[in-house]
Structures are given as C-alpha cells and as structure tokens.
Amino acid sequence: MNFCLTDEQKELQTRARAFARQKIPPHIAEMDRTNGYPWPLIKELAQEGFMGITIPKEFGGAGRPLIDAILVVEEIAKVCGTIARVVVDSNTAVPKAIAEYGNAAQRQKFLPTIVGGDKPVIAITEPEAGSAATWLKTSATIDGDHVVLNGKKCWITGAGSSRLYLVFARFDNVAGAGGIGAVLVTADTKGLKVARIPMMMGLRGMPEGEVDFVNCRVPKSQILVMPGDGFRKLMRCYNLQRVGAATVALGIGQGAFDLAAAYANKRKQFGQSIGSFQGVRWMFADMHMRLESARLLVYRAATTNADGFPDKMAAATAKVCASEAAIAVTNAALQVHGAAGYSCDLPLERMVRDARMFTIGGGTAEMQRNLIGSEVLARASTELQDVA
Ligand SMILES: Cc1cc2nc3c(=O)[nH]c(=O)nc-3n(C[C@H](O)[C@H](O)[C@H](O)COP(=O)(O)OP(=O)(O)OC[C@H]3O[C@@H](n4cnc5c(N)ncnc54)[C@H](O)[C@@H]3O)c2cc1C
C-alpha cells in the first residue's frame, strides 16, 4: 500500500489548508452563535472547486478520486467541522449516486448545481426508523407521470438551506430493503415542508431539521433508484459518506491536537513547559497514536476502491476508529489547556462538541460494530472451511 501523495495532491492539500486558515475563521463565531448557514463562504468554497472535486469533468467538477476530496476535507476539518461536512456532502453519497445511477437528464440537471455550491441533502432517517433504516415508512406511489411522497424525515442535515434532497422512500408498500428506492426532490416542490431545529450541541452553521412530505408530487423522471436492489446501490454510495464523516472527525481531532501541542510547548508551570512533564507527554503519545491509526484507516478506506466504491467494512472500521479518536483527542487537548480549554475564548470546547456527533450520525458506532463483527466472523468461518 502506498500513501505517498502526488505533486497534484500536495498542491490541492496546500490550497485547502490555506483556504481553511484564511477564509473560514472569520465566520466561525457567528455560525456557532446563530446556527446560520454561511452562504458567502459556501460560494467561495465552490469558486475554489471544493464542491465538485469528485464530480465528473463533463458536469463542471474536477473528476478526481475520493482520496483527493478526503485530503481537502481533512484540512478544512482541522479548522471547522461544519464546513468540512459541506465538502463531504458535495463530493460523496448524493453526487456519486447521481453520477453512477442517474440518467443523462438527471446528471445534467443536478450535478452542475452541486459543483456551483448547492450542498445536497440525504434524507433517510425517520422518527421510527433510525438505526433500523430499512424500516422506513415514507411512501412513494406512482400516479401517472408523477411519484407521490408521503411521510416524515428527521435529523436531516441541510434541511432548510439546501435545494436538493435525495429522499429514500418505500415504493408500493413492499416491506424490507427490497421496497426502498430514492427520489430527487427540489426544495421548492409543493408538499415538502421543513421545520428547522433551532440549535444542536455542535457542528453549528449547518441546520438540522424535520422534513414533511404531504402529497408531494415529483415528476417520475426524478426517481433516481428504483426498489429491488435500489437500497443496496444507495448504501454502496453511502459508504463514501461514511469515509467522509470519518475524515471530518479525524480533522477535528488533528486540529485540537495541533492547538494542544503549541500550548504545551509554550505554557510554563513549576518553571518548565508543561510538555516536559511525563504525564503530559504520554497524553500526546496516546493522541498521536489514535490519530495516526484513524488516518491510516481513512486513507485505506478511500483508496481501496478500484471501482470508486469503498469497501463497506473499510468504511465502517474507519468511521468507528476516527469518531472515537476525535472524542478522546479533543477531550485530551482541552485537558492540556487547563481552565483556558474550558473557556469559550478558545475553540477547544467547540471542537469537543463538534466531535461528539460522529459516533451517532451516519450510522452509530454500535451499528458499525454490528457490521464489522458479523463480517469478520463470516470471513473467519469461510477461512476455517477452507482449512478443513
Ligand atoms: C447531527 C446529525 C446529523 C444527521 N444527519 C442526517 C441526515 O442528513 N440524513 C439522515 O437521514 N439522517 C441523519 N441523521 C440521523 C442519524 O443517521 C441517526 O441519528 C442514526 O442513524 C441513529 O438513529 P437514531 O438517532 O434514531 O438512534 P436509534 O436508532 O434509536 O439508536 C439509539 C441507540 O440504540 C443503539 N442501537 C439501536 N439499534 C441497535 C442494534 N441493533 N444494536 C446495537 N445498538 C443499537 C444505537 O447505537 C444508539 O446508541 C443525523 C443525526 C445527527 C445527530
């Protein structure tokens, strides 16, 4: 396995780092205080080309591999998890599903808008179907040239600010995963209503909300994936999002680590820098090992995808490791800062709040462990059969 970056990748990484350090900080306090979506900053992200890194060139994107988007996300997340999530959503599940499974008209209509700054929304979760996503109830009924959606989605990232929704729905009341397909719905469609959640614990600046569909009539031509093997196809695309979420967590952790390292070298107690105390050094050793393990898993998950789709085990493993590393590292970095870390003058408390999300959203750590556990045991049983 070779993780050496090409010159092009190094250039992209440097550009993302400069953008993150120069353009994002002036917006952070306002986003955290008001939870307002920073439209001017999103426009700048799009102008830099960061919204369409993986989107094919013919639709205005850069047509680069997932790992290139991951490098950008990591740099941006060191400064701001919220903006890093915007880059993830614009480069992973929804555009991948449109590029891969959409017809020519859908690709032409929707992919350039994402490149231009319209972060898409993925709407799966419902009040009674969180981890049990295949139990979702939102119904899709074909009526002439339209598909009619009815149901409620919750905890939807970007609800109220985004203009494009990929809605998972149950067709013709067929139970289980086999009944699930997906429809592209624009925010201005009659029958789509959003109730924004005023404030979440962290990752503020990108609103979460509930989305109600009441006899929401969408042209049939906007069905992206039909049921049958539709859910399997959608989850293949969702694995890109999981690798992206793992990268945001990793970047937040690394950002907190960098602040703590600078502080530990500067802050003196008992006449010496606190970084010279063994107790503090061991904290840094643990933080470093957690971040390095997470980074290796994230990069591996993003690169072992010859067909453009990360392996589901690699994605789940990276997500659990990076999300748990982010929680541990941001807390340790806050601890290194003492009282200053607990104040709102420094970004550590925000980083702790932001990091906390990633063992929940996009599939909880427990559900990822279910997947990893069943997969490793299945592999082990096949290997034992081979040996016998
Ligand atoms: C900030 C944020 C943004 C989100 N954005 C989106 C979005 O854009 N689109 C979207 O569709 N969804 C989104 N979600 C929803 C997210 O995907 C769900 O919250 C997640 O899948 C868990 O569902 P739940 O919250 O209903 O928890 P539940 O499924 O009710 O789980 C509660 C607890 O029980 C555990 N549990 C449940 N079942 C099992 C099991 N079989 N084995 C072991 N443990 C289990 C869980 O791990 C968890 O600890 C977002 C969530 C958050 C917090």
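Residues numbered from 1 in each chain as written. Predicted model: local features only at pLDDT ≥ 70, side-chain atom pairs only at ≥ 80, totals over all residues. Heavy atoms only, no water.

Our focus in this paragraph is the overall build of the chain. Looking only at helices and strands, one finds 13 helices and 10 strands in the chain. Principal-axis analysis of the C-alpha atoms gives the chain an extent of 80 × 60 × 40 Å. A burial count over the chain gives 52% of its 388 residues as buried. Restricting the contact set of the chain to residue pairs at least 6 apart, pairs at least 24 apart contribute 76%. Side chains of the chain give 44 positive and 37 negative charges; the mean places of these two sets differ by 3 Å. (Helix = DSSP H or I, 4+ residues; strand = E, 2+ residues; numbered from the N terminus. Buried < 20%, exposed > 50% of the residue type's maximum accessible area, 1.4 Å probe, protein only. Contact = heavy atoms within 4.5 Å. Lys, Arg positive; Asp, Glu negative; His and termini not counted. Charge placed at Lys NZ, Arg CZ, Asp CG, Glu CD.)

In the region of the ligand, 19 residues are neighbours, and Thr125, Ser131, Trp155, Thr364 and Glu366 sit closest. In the environment of the ligand, an oxygen atom lies 2.8 Å from a nitrogen or oxygen atom belonging to the backbone of Ile124. Here Ser131 contributes a side-chain N or O atom positioned 2.7 Å from an oxygen atom of the ligand. Against a free-state accessible area of 970 Å², the protein chains account for coverage of 65% of the ligand. At the level of secondary structure, the elements contributing two or more residues to the shell around the ligand comprise strand E1 (121-123), strand E3 (146-157) and helix H13 (365-387). Split by domain, the residues of the shell around the ligand number at least three in each of domain 2 (121-228) and domain 3 (231-387). (Near = heavy atom within 4 Å. Polar contact = N/O pair within 3.5 Å; in protein donor to acceptor, adjacent residues only side chain to side chain. Areas by Shrake-Rupley, 256 points an atom, 1.4 Å probe, with all protein chains shown as cover. Domains from an automatic or database assignment.)

Right, let's talk about the pairing of strand E2 (residues 139-143) for a bit. Here five bridges tie E2 to E3, and the two strands are oriented antiparallel to one another. Each bridged residue has a counterpart across the sheet, and for Asp143 the counterpart in E3 is His146. Between E2 and E3, which follow one another and run antiparallel, lie two residues, and Gly144 among them has a positive phi close to 60°. With two bridges joining them, E2 and strand E4 (residues 164-171) adopt parallel strand pairing. Note on E4: the bridge partner recorded for Ser139 is Arg170. (Pairing = 2+ DSSP bridges.)

Moving on to helix H12 (residues 348-355). Where burial is concerned, most of H12 is hidden: eight out of the eight residues are buried. For H12, every residue scored as buried is listed here: Leu348, Glu349, Arg350, Met351, Val352, Arg353, Asp354 and Ala355. Of the surrounding elements, those touching the buried residues of H12 are helix H2 (25-34), helix H4 (66-79), helix H5 (81-91), helix H8 (230-266), helix H10 (312-336) and helix H11 (339-342).

As a further point, take the packing of helix H1 (residues 7-23) against H4. Contact pair H1 / H4: the axes reach a minimum separation of 8 Å and the direction vectors enclose 25°. By the angle class used here, H1 and H4 are roughly parallel. Relative to H4, the crossing made by H1 is right-handed. Contact residues: Gln9, Leu12, Gln13, Ala16, Arg17, Ala20 and Arg21 in H1; Ile67, Asp68, Leu71, Val72, Glu75, Ile76 and Val79 in H4. (Axes fitted to C-alpha atoms, helices over the stretch in contact; angles between N-to-C directions. Parallel < 35°, antiparallel > 145°, perpendicular 65-115°, else oblique. Left-handed = near helix turned anticlockwise from the far one by under 90°.)

With that out of the way, let us pick up the packing of aromatic side chains. Considering all chains together, one arrives at five aromatic pairs under this definition. When the ring of Phe270 is compared with that of Phe277, the centres are 6.2 Å apart and the planes differ by 85°; the resulting orientation is edge-to-face. A cation sits over an aromatic face here: Lys96 above Phe309, 4.6 Å from the ring centre. Sitting over the ring of Phe309, Arg236 keeps its end group 3.7 Å from the ring centre. (Phe/Tyr/Trp six-rings, centres within 6.5 Å; stacked < 30°, edge-to-face > 60°. Lys NZ or Arg CZ within 6 Å of the ring centre and 35° of its normal.)

With that out of the way, let us pick up the environment of Arg353. By the secondary structure assignment, Arg353 is in helix H12. As a C-alpha pair, Arg353 and Thr330 span 23 residues in sequence and 9.0 Å in three-dimensional space. When residues no more than four places from it in sequence are discounted, the contact partners of Arg353 are Asp32, Met201, Gly202 and Arg204. At 2.8 Å, the side chain of Arg353 and the side chain of Asp32 are in polar contact. At 2.9 Å, the side chain of Arg353 forms a polar contact with the backbone oxygen of Met201.

With respect to the helices and strands, Asn91 occurs in helix H5. When neighbours within four sequence positions are excluded, Asn91 is seen to be in contact with Phe50, Met51, Gly52, Ile53, Thr54 and Ala69.

Here we take up the domain arrangement of the chain. Split by domain assignment, the chain resolves into domain 1 (7-115), domain 2 (121-228) and domain 3 (231-387). Between the C-alpha centres of domain 2 and domain 3 the distance comes to 29 Å. Counting residues at the interface gives 15 residues for domain 2 and 13 residues for domain 3. Together domain 2 and domain 3 conceal approximately 1200 Å² of surface at their shared face, both sides included; 78% is due to carbon and sulfur atoms. On the domain 2 side of the interface with domain 3, the three residues burying the most area are Ser131, Met201 and Leu203, jointly 42% of the side's total. At the junction of domain 2 with domain 3, the criterion picks out two residue pairs in polar contact (both at pLDDT 80 or more). Secondary-structure elements contributing two or more residues to the side of domain 2 that touches domain 3 are E4 and strand E5 (180-186). Sorting elements by how many residues they give to the side of domain 2 that touches domain 3 places E5 first, with three residues. Here the residues of the side of domain 2 that touches domain 3 are counted per class, giving 10 nonpolar, four polar and one charged. (Buried area = accessible area lost by both parts, 1.4 Å probe. Nonpolar A, V, L, I, M, F, W, Y, C, P; charged D, E, K, R; others polar.)

With respect to the secondary-structure elements, Thr54 resides in the loop between helix H3 (39-48) and H4. When the C-alpha atoms of Thr54 and Leu41 are compared, they prove to be 20 Å apart, with 13 residues separating the residues in sequence. Those residues in contact with Thr54 that sit more than four places away from it in its chain are Gly63, Arg64, Pro65, Leu66, Ala69 and Asn91.

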